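Here is how the chains run, residue by residue.
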Amino acid sequence: MKRLTRKKALTLVKELDAFPKVPESYVESTASGGTVSLVAFTLMAVLAFLEFFVYRDTWMKYEYEVDKDFSSKLRINVDITVAMRCQYIGADVLDLAETMVSSDGLKYEPVNFELSPPQRLWHMTLLHIQERLKVEHSLQDVLFKAAIKEVPPADSQSEDSSTSLTACRIHGHMYVNKVAGNFHITVGKSIPHPRGHAHLAALVSHDTYNFSHRIDHLSFGEAIPGLISPLDGTEKVSAESNHMFQYFITIVPTKLNTYKVSAETHQYSVTERERVINHAAGSHGVSGIFMKYDISSLMVKVTEQHMPLWQFLVRLCGIIGGIFSTTGMIHGMVGFVVDVVCCRFQMGVYKHLDKAPLNVQENSETLLPAENL
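If you're wondering where the values come from, they're calculated on a predicted model, not measured in any experiment.

Scanning the protein chain for helices and strands turns up six helices and 15 strands. For the protein chain, with 373 residues in total, the buried portion stands at 32%. A sequence separation of at least 24 residues applies to 81% of the contacts in the protein chain between residues at least 6 apart. Entry remark: accessible area of the protein chain is about 24900 Å², with carbon and sulfur atoms responsible for 61%.

So this is what it looks like as structure tokens:
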């Protein structure tokens, strides 16, 4: 009974076979079929090879949400060179609440405003990258994934006294409240004031004013590799002594999560404005460099994603099966067209004969008189 049951089960399984085997004696190999098969296999190999590179590639996904963190401090990273001596200028931050932020984290270093040849090459390269970023926005995704951490060449200052160095490099970082504020560099050192703060500008002669400057780096939040800020490499040279440079900055909190870097930082966009201070002509103001920033309420989440393995296998099966089926149909249609054009497709060749051929009927009629005899 068990053997009969097994035989019935095997018979049932055979009847459900969706892939019946065709005996080799019923299969005819042709040169055209072999050529089509060779082309199909080559195309499968090429597309599968290209699909593997797509599987290895990654892309950046951007998501937006409301920033709910308002209690933390905002870090400002500064590296600016001003064409004035360090004893004549001062830098500080005044936020929207009229709170003066201490700038103890900033260092004042006497330097030359002109760059050395290696530094000039680095500066020109940075400007070229900035120009490409304005046109090719996807270049920033490449920089995110590459996580390039490169520093400019060090300035090889001579051992001369600081009197021969006519510029001042202000660099370092400081922490401010996460509200709108104004970071500025102007004439005179800053002193506390009941209504905010003031700068001792009366002790500095107007002939020494020169707010030509170069922004080597300005960023907000944690410094991460692969992120180039819009103002990096900006250089402004003024022929007038009384000149005001204004930068209006909108800061966007950003969460970056790639396979190389995972950090919380800030990106920003900026618009620029500059004018000459001339009280006689009605252009009032204070000479200096002013960076007014505001913080966006939206946060950007940048995540590096990768194609999952199962999706790669499904796409690979689709490529192989699609090419196999398509080439089979094309081969059949081309063969059908060739048969029709060459008049080799005979309609009704497999139809049954309803009447006997004419020569067979004539032979039967000639034999009838012989039987009568």
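A few words on the state of the cysteines. Going through the model one piece at a time under the given rule, you end up with one disulfide. The disulfide that involves Cys-86 links it to Cys-168, with 2.2 Å between the sulfurs. The disulfide joining Cys-86 to Cys-168 has a torsion of about 105° about its S-S bond and is therefore right-handed. With a gap of 82 residues between them, Cys-86 in the loop between strand S2 (73-82) and strand S3 (89-95) and Cys-168 in strand S6 (residues 167-177) connect regions that are remote in the sequence. Cys-168 shares its class with Cys-86; the two are buried.

Further remarks concern helix H5 (residues 309-341). With 33 residues, H5 should cover 48 Å at 1.5 Å per step; its first-to-last C-alpha distance of 48 Å lies within 8% of that length. Considering only its buried residues, H5 is in contact with helix H2 (31-56).

Moving on, we get to the nonpolar core. The tendency in soluble globular proteins is for nonpolar side chains to be buried as a group. Within the largest apolar cluster, 35 residues are counted, with the highest numbers of intra-cluster contacts made by Ile-76, Phe-183, Ile-185, Leu-218, Ile-249, Met-291 and Tyr-293. For this core, the secondary structure elements donating two or more residues are S2, S3, S6, strand S7 (181-187), strand S10 (213-221), strand S12 (243-257) and strand S14 (288-295). Looking at this core element by element, the count peaks at five residues for S2. Not counting the four nearest positions on each side in its chain, Met-291 is found in contact with Ile-80, Gly-181, Asn-182, Phe-183, Ile-215, Leu-218, Tyr-247 and Ile-249. Residues Leu-227, Leu-256, Ala-263 and Val-302 belong to the second largest nonpolar core, which totals eight residues.

Rules used throughout
- Residues numbered from 1 in each chain as written.
- Predicted model: local features only at pLDDT ≥ 70, side-chain atom pairs only at ≥ 80, totals over all residues.
- Heavy atoms only, no water.
- Helix = DSSP H or I, 4+ residues; strand = E, 2+ residues; numbered from the N terminus.
- Buried < 20%, exposed > 50% of the residue type's maximum accessible area, 1.4 Å probe, protein only.
- Contact = heavy atoms within 4.5 Å.
- Areas by Shrake-Rupley, 256 points an atom, 1.4 Å probe, with all protein chains shown as cover.
- Disulfide = S-S within 2.5 Å.
- Expected span 1.5 Å × (residues − 1).
- Core = buried A, V, L, I, M, F, W, Y, C linked by side-chain atoms within 4.5 Å.

Without other data, these values stay purely geometric and don't point to any function.
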